[in-house]
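# Descriptive analysis of the structure
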Amino acid sequence: MVSGAIEAMRTQLEKLGNPSSLHTQGREVRKELELAREQLAKVIGCHASEIIFTGSGTEANNTAIKGLYWKNRALGRNLVVISAIEHHAILDPAHWLHDHDGAEVVSIGVTKSGVVDLDALKVLIDNRGDEIAVISVMHSNNETGVIQPIAQIVAMANVASIPVHSDCVQSFCKVPLSFAELGLTAMTLSAHKIGGPLGIGILVLKRGIDIPAILHGGGQERDIRSGTLNAPSIVGFAVAATSSIPVAEIAELREEFTSGVLAEIPDAFLNGDSAQEHLPGIVNITFPGTESDTLLLLLDSKGISASTGSACTAGVQRPSHVLLAMGHNDKSARSSLRFSLGATTTRDEIKKVIELLPSVIEQARTANLR
Ligand SMILES: Cc1ncc(COP(=O)(O)O)c(C=O)c1O
């Protein structure tokens, strides 16, 4: 966590006072919380009143997609449109709306480079725009880092008055992002991806838009998210969002890492075209002939953390739905690893991974033949 955020949280934790209480202590906490909201609004490019604090990015996604669906279903719109590469915090509530609440869900595919198929989305909007309750497409993908054409999607959706929500968890503070400039109806953010605390998220919801709530109670946050506000985490979130992340340095290391790995392992390939706009700190590479779980464990034993992006349900590993949507088959999707680079990643660490990888790949390939 960003050290300033820890300090700010510690100070706030020592203050008693519910920000919704009218006594002096409560009012003091409220003042600091509202200051944090203003600071966050500046970074997000929205009005402070458009920020609704939630307990996670997952909660913000659920509130947005369910709320916008329920609001617009009442107006005769029954279609929920998502992309095939969404995080499970959008995929699962969308499928829940289908299974339990009568929604029709359409998943828009992506190109080989991992970008949402705008032609397919346009055809859908042209033919069924007046049936669409909400479109939800992430700003950048958490497995490949590929950035999605959100402004173009909003422009297409506006023609049929369709609200667009975007899960911006991975992009926030990493690439330029402005709620107002994108023209979104709703946006999701999460503190722990930018060096803030765990368990605090934001749903940005355009002024004047009201959606049904999931949580009912004290009426906090425009009556859309009841529950006592988590002042220490909110203050920590604001400090993290206003601290700078060395994005240019991370992007440079990413390029060095990618070219180094591809030079050492000639048949490895990058997922998500390098010409495509992408996040500074995510690299996804396929290593043919390996099993990503084996690779992950071998790297872990050498102190290197990577991730597979695959989901594990009831002990069964499944290949990444993101890579499958990009045209991989099960086998090649299972031979892929995601590496994340951040503010604390050093050039020496990058070099070490590049040096170690050839022997690790060899071991993984041998294990795969057995
Ligand atoms: C793209 C994306 N959306 C949503 C989430 C969920 O956010 P949270 O962990 O705050 O629930 C994540 C977390 O990894 C994510 O990467």
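As a starting point, this report considers the structure included with it. (Residues numbered from 1 in each chain as written. Predicted model: local features only at pLDDT ≥ 70, side-chain atom pairs only at ≥ 80, totals over all residues. Heavy atoms only, no water.)

Helices and strands together make up the secondary structure of the protein chain, namely 13 helices and twelve strands. The C-alpha atoms of the protein chain give a radius of gyration of 22 Å, which matches the 21 Å a tight globule of 370 residues would have. Taken along its principal axes, the extent of the C-alpha atoms in the protein chain is 65 × 55 × 40 Å. Evaluated residue by residue, the protein chain yields a buried proportion of 51% over its 370 residues. Once local pairs closer than 6 in sequence are excluded, the contacts in the protein chain between residues at least 24 apart make up 70%. When the accessible surface of the protein chain is summed, it comes to about 16300 Å², and 53% of that surface belongs to carbon and sulfur atoms. Here the protein chain carries 31 positive and 40 negative side-chain charges, and the mean point of each set is 3 Å from the other. (Helix = DSSP H or I, 4+ residues; strand = E, 2+ residues; numbered from the N terminus. Rg over C-alpha atoms; globule rule 2.2 N^0.38 Å. Buried < 20%, exposed > 50% of the residue type's maximum accessible area, 1.4 Å probe, protein only. Contact = heavy atoms within 4.5 Å. Areas by Shrake-Rupley, 256 points an atom, 1.4 Å probe, with all protein chains shown as cover. Lys, Arg positive; Asp, Glu negative; His and termini not counted. Charge placed at Lys NZ, Arg CZ, Asp CG, Glu CD.)

Enumeration according to the criterion identifies 16 salt bridges in this entry. In this structure, E252 and R347 form a salt bridge, with 3.3 Å as the shortest nitrogen-oxygen distance. A residue pair is termed long-range when its members are at least 10 positions apart, and E252 in helix α9 (residues 247-264) and R347 in helix α13 (residues 347-369) qualify at 95 residues. Looking at E252, the relative accessible area reads 48%, which means it is partly exposed. A relative accessible area of 35% means that R347 is categorised as partly exposed. Across the salt bridge formed by D267 and R365, the nearest N and O atoms sit 3.0 Å from each other. Taken together, the residues D267 in the loop between α9 and β8 (269-270) and R365 in helix α13 connect sequence positions 98 residues apart. Owing to a relative accessible area of 39%, D267 belongs among the partly exposed residues under this scheme. For R365, a relative accessible area of 24% translates into the label partly exposed. (Salt bridge = Lys/Arg side-chain N within 4 Å of Asp/Glu carboxyl O.)

Right, let's get into unusual backbone geometry. A negative phi holds for most residues other than glycine; trans holds for most peptide bonds. A positive phi angle is found at C173, which is not glycine, with a value near 70°. You can see C173 is positioned in the loop between β5 (164-167) and α7 (179-182). With a phi close to 65°, D223 is a non-glycine residue in the positive phi region. Tracing the sequence through the fold places D223 in the loop between β7 (201-205) and α8 (231-242). Among the residues examined, D223 registers a relative accessible area of 48% and is labelled partly exposed.

Right, let's get into the sheet that holds strand β12 (residues 336-340). In any sheet, the strands associate via hydrogen bonds between backbone groups, in a parallel or an antiparallel arrangement. The three strands lie next to each other as β8-β9-β12, forming an open sheet whose pairing is antiparallel. Two strands close off the open sheet at either side, each with one partner strand: β8 and β12. Sheet topology places β8 next to strand β9 (residues 282-286); two bridges connect them, and they run antiparallel. From the neighbouring strand, L270 faces β9, where its bridge partner is I285. (Pairing = 2+ DSSP bridges.)

Surrounding the ligand, one finds 13 residues, the nearest of these being G57, T58, D167, S190 and H192. A distance of 2.8 Å separates an oxygen atom of the ligand from a polar backbone atom of G57. When the ligand sits alone it has 390 Å² of accessible area, and the protein chains cover 87% of it. Of the pockets mapped on this structure, the ligand occupies the second largest pocket. (Near = heavy atom within 4 Å. Polar contact = N/O pair within 3.5 Å; in protein donor to acceptor, adjacent residues only side chain to side chain. 1 Å grid on protein atoms, 1.4 Å probe; cavity = no way out; pocket = protein on both sides within 12 Å on 5 of 7 lines; lining within 4 Å. Sits in = over half its atoms within 2 Å of the grid points.)

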